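Residue-level structural notes
Letter by letter, the chains look like this.
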Amino acid sequence: MPDGSSGQFVRIAGLKRYFDVSAPWLVRMLERRPRQIVQAVDGIDIEIAKGETFSLVGESGCGKSTVARLVVGLYPPTAGRIEFDGNDMAGRRSGADMAALRRRMQMIFQDPYASLNPRWRVFDIIAEPIRAFGLSSDKADLEKRVGDLLRQVRLTPADGRKFPHEFSGGQRQRISIARALASQPEFLVCDEPTSALDVSVQAQILNLMVDLQRRFGLTYLFISHNLAVVYHISTRVGVMYLGRLVEVAPTETLFTRPKHPYTRMLLDTIPDLDMTGRQRSPVAGEVPSPINPPSGCTFHPRCPFAQDRCRAERPVPIAIEGGTVACHAIEEGRLPVEERTYVANS
Amino acid sequence: MAAPSNNPPLLEVKNLRVEFPTRRGTLLAVDDVSFDIAPGEVLGVVGESGAGKSLTGNAIIGLLEPPGRIAGGEIRLEGRRIDDLPYEEMRKVRGARIGAIFQDPLTSLNPLYSVGHQLIETIQTHLPLSSAEARTRALDLLKEVGIPGAETRIDHYPHQFSGGMRQRVVIALALCAGPRLIVADEPTTALDVSIQAQIIALLKRLCREHGTAVMLVTHDMGVIAETADRVAVMYAGRIAEIGPVRDVVKHAKHPYTKGLMGSIPSLGVRTERLTQIDGAMPRLTEIPTGCAFNPRCTERGGRCLVERPDLMAVGATRAACWQHDRGGVGPAIVREAVDA
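Everything quoted here is computed from the prediction, not taken from an experiment. (Residues numbered from 1 in each chain as written. Chains lettered and ligands numbered in written order. Predicted model: local features only at pLDDT ≥ 70, side-chain atom pairs only at ≥ 80, totals over all residues. Heavy atoms only, no water.)

1. Comments concerning the interface of chain B and chain A
Formally: Contacts: residue pairs with any heavy atoms within 4.5 Å of one another. Buried area: the accessible area, evaluated with a 1.4 Å probe, that two parts lose upon being put together, summed over both parts. Counted as salt bridges are all cases of a side-chain nitrogen of Lys or Arg within 4 Å of a carboxyl oxygen of Asp or Glu. Put simply, DSSP marks the helices as runs of H or I at least four residues long and the strands as runs of E at least two long, and each gets a number from the N terminus on. By the convention adopted, Pro, Cys, Tyr, Trp, Phe, Met, Ile, Leu, Val and Ala count as nonpolar, Lys, Arg, Asp and Glu as charged, and the other residues, Gly among them, as polar.
Between chain B and chain A, the contact holds 47 residues from the first and 49 residues from the second. Buried area between chain B and chain A, summed over both chains or domains, comes out near 4,100 Å², and the portion from carbon and sulfur atoms is 52%. Across the chain B-chain A interface, the total number found is 1 salt bridge. For Asp211 of chain A, the salt bridge identified is with Arg273 of chain B, shortest N-O distance 2.7 Å. A per-element tally of the side of chain B that touches chain A places helix α7 (residues 193-210) of chain B first, with 9 residues. Across the side of chain B that touches chain A, the residue classes break down as 19 nonpolar, 15 polar and 13 charged.

Here is the structure:
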């Protein structure tokens, strides 16, 4: 087993995940249709250091949720490797070893209405990971643990007797967080944890996540399409487009000195709350189908700086200002880096 | 009969109440809501889920789902009362004078008919046009909402369109008979940010060109800040604050609006923590006495617990908060710790 020579906590290299969405074999033969493969994740590399929050942003269908599921092992990867604290997740090992690894990573899902079993009491929902990983043997200890977890997410131990339907969306998301923390994980994968919530509740949940991170030294992989939320919570940000990472950079750099044209486009779409009169420039076009992605750089049909090389050759990520960018225009130096400033809401 | 700009407002809502009879008594979901919209104006209605904003919109277009019903107040469109019209009469107003755009563009289109068919049907319901003329108009509408290749796309079915394109079709449908008012309920919520900007730009352009008024219902302050002329902030079935969008967004007068604005992550400064409003909006069965916001309010006084504030003028806006009354919020009350 190779150890984490890079010193990174989570290391993803050349990760690919393809989904076969072809028609059934017989239909394909009769109608002479080819196989159809969705390249949901098409070769990405990410390194996440311990204690940081790495965010993935992108439009729907860009593969960010697939990455989240691949990382926690809900999907097996088509190619590439995922290393968690020096352990290759695909490597063969005994069930007990695997469980020990799994205990250290948990996931929070987007929809708190769908991710809690409606027929279980909150106590049992939160106790399940503790029972499953055999972390507690006697009943008194289990009750104490669940009570503590509920208190950590600002609920009360008495809430454990209730059912999920008795809670609001924000409270349910707190229950999901308590469940995720139950196995004392070090790494949390959060797939759009606040996008189903109202803004005032979103603020409560984001504050809670920041508090918990500081208290337990958690590492987050945070998936979101909301750039303002990502700006608030992340250490570093990766921008995904059609299954590829187009830019990775420390948060401040990404927002003030965006490089990839797609990143700039995404930043342009953030609603202007400061009433500076800045017009959102609506970008023409939509995300193309990942079944037949455009040749070369997949962003070229929407890119105002596209040239022949962009249509023919897939750009490789190059290191720049503490991050990476996959863009020919940046590499050739024909697209100057742009400075952006923001006015804070008063 | 386009109304000149100085005439009475296009839409007047006065003391609107919407209630739901239930086994445990009647729930008041919209409580004494009044506002008006001028021709060509965009009024944003914002609030958290359950605040009553969509119900207000549905009451205006006459599509309240039973057992919900209008329990009081009146709604006037171009001076004519529309809340008590018989069903068939209201059907003629809806579509012809008021257009509607809903959140999910897939469920607001019929999957079994081509978009052209649906447009033509709507046009012919409201306008005396032949099929050929209606088709020409449908084509013009599709071009106007920016659907590329409208000549071929007109015969396509809803599933062949992407989310953003579908929402454009829905907007075209709402525009079929040249309505004076469009009620848009969360028109961009189901869409990606990049598409959201396109749809908002489109709505704004159409408003400007046709002088159509829009009631834009959304929970997204960003969309409101960019699109609306005026904004009404709703909380627990009532309007907490209403005024020109710039005043409300930049200088909120109601503690709830202030909290709401503070809880939106901002791009200028990275703060450790976001301002949060503790607690959640009360359920309709548990609306506290006095000001409905008082349990979550950081600026409350004794008066807020007993007396319910109405909207009062504060500069250009109106806010329902005792702070802005001469009597003030009353004696300070000691807040018990919210929780450990």
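Anyway, onward from the coordinates.
2. Description of helix α3 (residues 115-126) of chain B
Each turn of an α-helix holds 3.6 residues, which means side chains three or four residues apart point in the same direction. All names here are of chain B. Stated precisely, the cut-off is as follows: The span one expects for a helix is its residue count, reduced by one, times 1.5 Å. Whether a residue is buried, partly exposed or exposed follows from its accessible area with a 1.4 Å probe, protein chains only, as a fraction of its type maximum: under 20%, in between, or over 50%, in that order.
With 12 residues, α3 should cover 16 Å at 1.5 Å per step; its first-to-last C-alpha distance of 17 Å lies within 8% of that length. Here α3 has its buried residues at Val115, Gly116, Gln118, Leu119, Ile120 and Ile123. Buried residues along α3 sit against α4 (131-144), α5 (150-153) and α6 (163-175).

3. A look at the nonpolar core
Test applied: The criterion is simple. A nonpolar core is a set of buried Ala, Val, Leu, Ile, Met, Phe, Trp, Tyr and Cys residues joined through side-chain atoms within 4.5 Å.
By size, the foremost hydrophobic cluster in this structure holds 100 residues, and its most contacted members are Leu11, Phe35, Ile60, Ile98, Ile171 and Leu181 of chain B. Looking at this core, the element that brings in the most residues is α6 of chain B, giving 8 residues. When sequence neighbours within four positions are dropped, the list of residues in contact with Phe35 of chain B reads Leu11, Glu12, Val13, Leu43, Thr56, Ile60, Met215, Ile239 and Ile242 of chain B. Leu149, Leu150, Val153 and Leu181 of chain A belong to the second largest nonpolar core, which has 38 residues in total.

4. Notes on the packing of α3 of chain B against α4 of chain B
All names here are of chain B. So the rule is basically this: Inter-axis angles, ranging from 0 to 180 degrees, are taken between N-to-C directions of lines fitted to C-alpha atoms, where helices are fitted over the stretch in contact. Crossings are sorted by hand: turned counterclockwise from the far helix by less than a right angle, the near helix makes the crossing left-handed, and turned clockwise it makes it right-handed.
Running from N to C, α3 and α4 cross one another at 115°; their axes reach a closest spacing of 9 Å. In this structure, the crossing between α3 and α4 has a hand that is right-handed. Residues Leu119, Ile120, Ile123 and Gln124 of α3 lie in contact with α4, whose contacting residues are Ser131, Ala134, Arg135, Arg137, Ala138, Leu141 and Leu142. Tallied by class, residues from the contact of α3 with α4 come to 7 nonpolar, 2 polar and 2 charged.

5. Observations regarding the environment of Trp322 of chain B
Residues and elements named next belong to chain B. Counted only if it meets this: Polar contact is the term for a pair of N or O atoms within 3.5 Å; when the atoms are in protein, one must be able to donate a hydrogen and the other to accept it, and sequence-neighboring residues count only if both atoms are side-chain atoms.
Mapped onto the elements, Trp322 comes out in the segment after β12 (317-319). Trp322 has contacts with Arg303, Cys304, Glu307, Arg308, Pro309, Met312, Gly328 and Val329, leaving out every residue within four places of it along the chain. A polar contact is formed between the side chain of Trp322 and the backbone oxygen of Glu307, at a distance of 2.9 Å.

6. Some thoughts on the packing of helix α4 (residues 122-132) of chain A against helix α5 (residues 139-152) of chain A
Residues and elements named next belong to chain A. Quick note on the threshold: Should an angle fall under 35 degrees it is called roughly parallel, over 145 degrees roughly antiparallel, and 65 to 115 degrees roughly perpendicular, with every other angle called oblique.
Between α4 and α5, the shortest axis-to-axis distance is 10 Å and the interhelical angle comes to 115°. On the basis of their axis angle, the class for α4 and α5 is roughly perpendicular. Two packed elements cross with a definite hand, and for α4 against α5 that hand is right-handed. Of the residues in α5, those in contact with Val122, Phe123, Ile126, Ala127, Ile130 and Arg131 of α4 are Leu142, Glu143, Arg145, Val146, Leu149 and Leu150. For the contact of α4 with α5, the per-class residue count stands at 9 nonpolar, no polar and 3 charged.

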